[in-house]
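As a plain string of letters, each chain reads:
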Amino acid sequence: MSEQDPCIASVAAGASASPVAFGSPDASGSPVAFGSPDASGSPVAFGSPDASGSPVAFGSPVAERRRCAVVGLGARARMFTEALAGPYADRIELVGFCDVNARRMAVHNGWIAADHPGRGAVPAYAAEDFEVMLRRERVDLVVVCSVDRTHDDYIVRALEAGCDVVTEKPMTTDADKARRILDARRRTGGDVRVAFNYRYNPVHSAVREVIAGGGIGEVGSVHFEWLLDLRHGADYFRRWHRDKANSGGLMVHKATHHFDLVNWWLGTEPETVFAQGGLFFYGEEAGRRRGLARPYARAHGAAAAEGDPFAVRLADSEVLRALYLDAEAEDGYHRDQNVFGAGVSIEDDMAVLVRYASGASLSYHLTAYSPWEGYRVAFNGSEGRLELLVEESTWTRPEERVDGAGPVMHGAAVGDDVGRTELLVRRFWEQPREVKVGGGEGAAEGGHGGGDVRMLADLFGPRSGGDALGRAADAVDGARSLVTGLAANESFETGLPVRVRDLLDV
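Residues numbered from 1 in each chain as written. Predicted model: local features only at pLDDT ≥ 70, side-chain atom pairs only at ≥ 80, totals over all residues. Heavy atoms only, no water.

S.K.: Go over the sheet that holds strand β2 (residues 66-71), please, and point to the residues and values.
M.R.: Read across the sheet, 6 strands follow the order β4-β3-β2-β5-β6-β7 without closing on themselves; strand pairing throughout is parallel. Two strands in the sheet have a free side with no partner beyond their single neighbour: β4 (124-126) and β7 (192-194). Geometrically, the sheet is characterised by an average inter-axis angle of 20° between neighbouring strands, direction not taken into account. As paired strands, strand β6 (residues 164-167) and β7 are joined by 3 bridges and run parallel to one another. Opposite V166, over in β7, you have R193 as the bridge partner. (Pairing = 2+ DSSP bridges. Helix = DSSP H or I, 4+ residues; strand = E, 2+ residues; numbered from the N terminus. Axes fitted to C-alpha atoms, helices over the stretch in contact; angles between N-to-C directions.)

S.K.: Pulling in residues and values, what's your account of the environment of R355?
M.R.: Tracing the sequence through the fold places R355 in strand β10 (residues 349-356). Sequence spacing of R355 and V273 is 82 residues, and the spatial spacing of their C-alpha atoms is 6.6 Å. Discounting chain neighbours no more than four positions away, the residues touching R355 are P270, E271, T272, A360 and S361. (Contact = heavy atoms within 4.5 Å.)

S.K.: Tell me about the pairing of strand β3 (residues 92-99), and name the residues and values.
M.R.: Most of β3 sits inside the fold, with 7 of its 8 residues counted as buried. Note: β2 against β3, 6 bridges, orientation parallel. Note that in β3 the partner of A69 across the bridge is G96. With respect to chirality, the unit in which β2 leads through helix α1 (residues 77-85) into the neighbouring parallel β3 is right-handed. Where β3 lies against β4, 3 bridges are found, and the strand directions are parallel. Residue pairing for β4: D99 is matched across the bridge by A126. As a crossover connection, the stretch from β3 through helix α2 (residues 102-115) into β4 is right-handed. (Buried < 20%, exposed > 50% of the residue type's maximum accessible area, 1.4 Å probe, protein only. Right-handed = clockwise from strand over helix to strand, strands pointing away.)

S.K.: So what's going on with the nonpolar core? Which residues, and what values?
M.R.: By size, the foremost hydrophobic cluster in this structure holds 97 residues, and its most contacted members are M251, W265, Y282, Y364 and F379. For this core, the element with the most residues is helix α15 (residues 475-494), which contributes 9 residues. Judged by nonpolar contacts, the second largest core, of 26 residues, contains L94, F97, V143 and A195. (Core = buried A, V, L, I, M, F, W, Y, C linked by side-chain atoms within 4.5 Å.)

Right under this line is the structure:
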């Protein structure tokens, strides 16, 4: 999200009516919001005691700390390792790291030691010793942050060992692997939570509340455009994601977020998908045709990469240098591949039509080479229209060097490229009204518009037994988000509509 508070929606040009607070008025006419008093008159919030007076946490009693391991120690895992070693350490004990690369595990342990002096190192295990770690460290919760194609293997093995699982999105990369996970969950009775942080972004929660509250009546159609700018979009073509066998392509790795949001917003599931997509901008052939290609395989140490605005310089970032450049001798992984080089098998421009069980339709477009970053969503209903605009950046600086967890952090850093967020309700026969969304500091309090920090609190912190908006996502939600992208990938190949149940009957 942008550095401006994305939880506060701006007044659209020409809108003259008063803002509507997040939390539509109830029957009494009073606004309802998180933290409102319950029937007893006491405020309700995440972390409230349950009926017995004890806080309720994901899959665990509070009396004893859960023993947690993290598998896959790349950059994204840092959000989890920092949370588990820091604010949630009184509830969850971080007892194991598992990765194909020992250097990356050592880097995470170094960060933890720097932030928490005196704390011992988290035991580190090679990938082939995953089960050994689970037994030896008596693990009962596994957080999966590995390469997407390996998620199912770790999830199933963890469930079979008696552990619960939190997995990064996408839950997995194909229908057979999704079936393996769903079967293992049913067989073992273990819990699987999918880290759909976008559900926890306050503006997305506001959209859910407006629709569920009948603010625009019955939803007939959704128009959803997601734009990745030349920093963020290009980054998928430098990393392991560029190989569809690893990631399922952007329809799976990235759009699983968006398809999950639509499923959740509408309270429905996909039935039929038709899609078209291709590699239009990135890749060897397109780069050569447009004069953008340069003769290097990876940017580090390549003279030809100097001055290339599409190159990432790992040595400029302390984090990227530690996690990838200094670690590549162990596994040969290059984090800085040429986006116009050989080996790109994913699409960068994709259009999708979806029909849902509710009767609603979705027209969706994902572009990975936009000059600005953000998204536009419009819901057409039987009583009006709901419109969301999020500008994470308004333009892209060439050759911006960022010393952070990555060269691309969802749009703007700081400066004049920061955009805005606005959410408008346009009911029939009424002037448009802005929906004000409070209670968050957006990017300043954690990534994804404040979604990360809220999701972590829900996963690992004390929480009440209730989830009024249904934000917690399980393996079924993970499969339902995944199957739209899988059907889209099949439609790319065949040119035909795909019945979702023919791929995966969730």
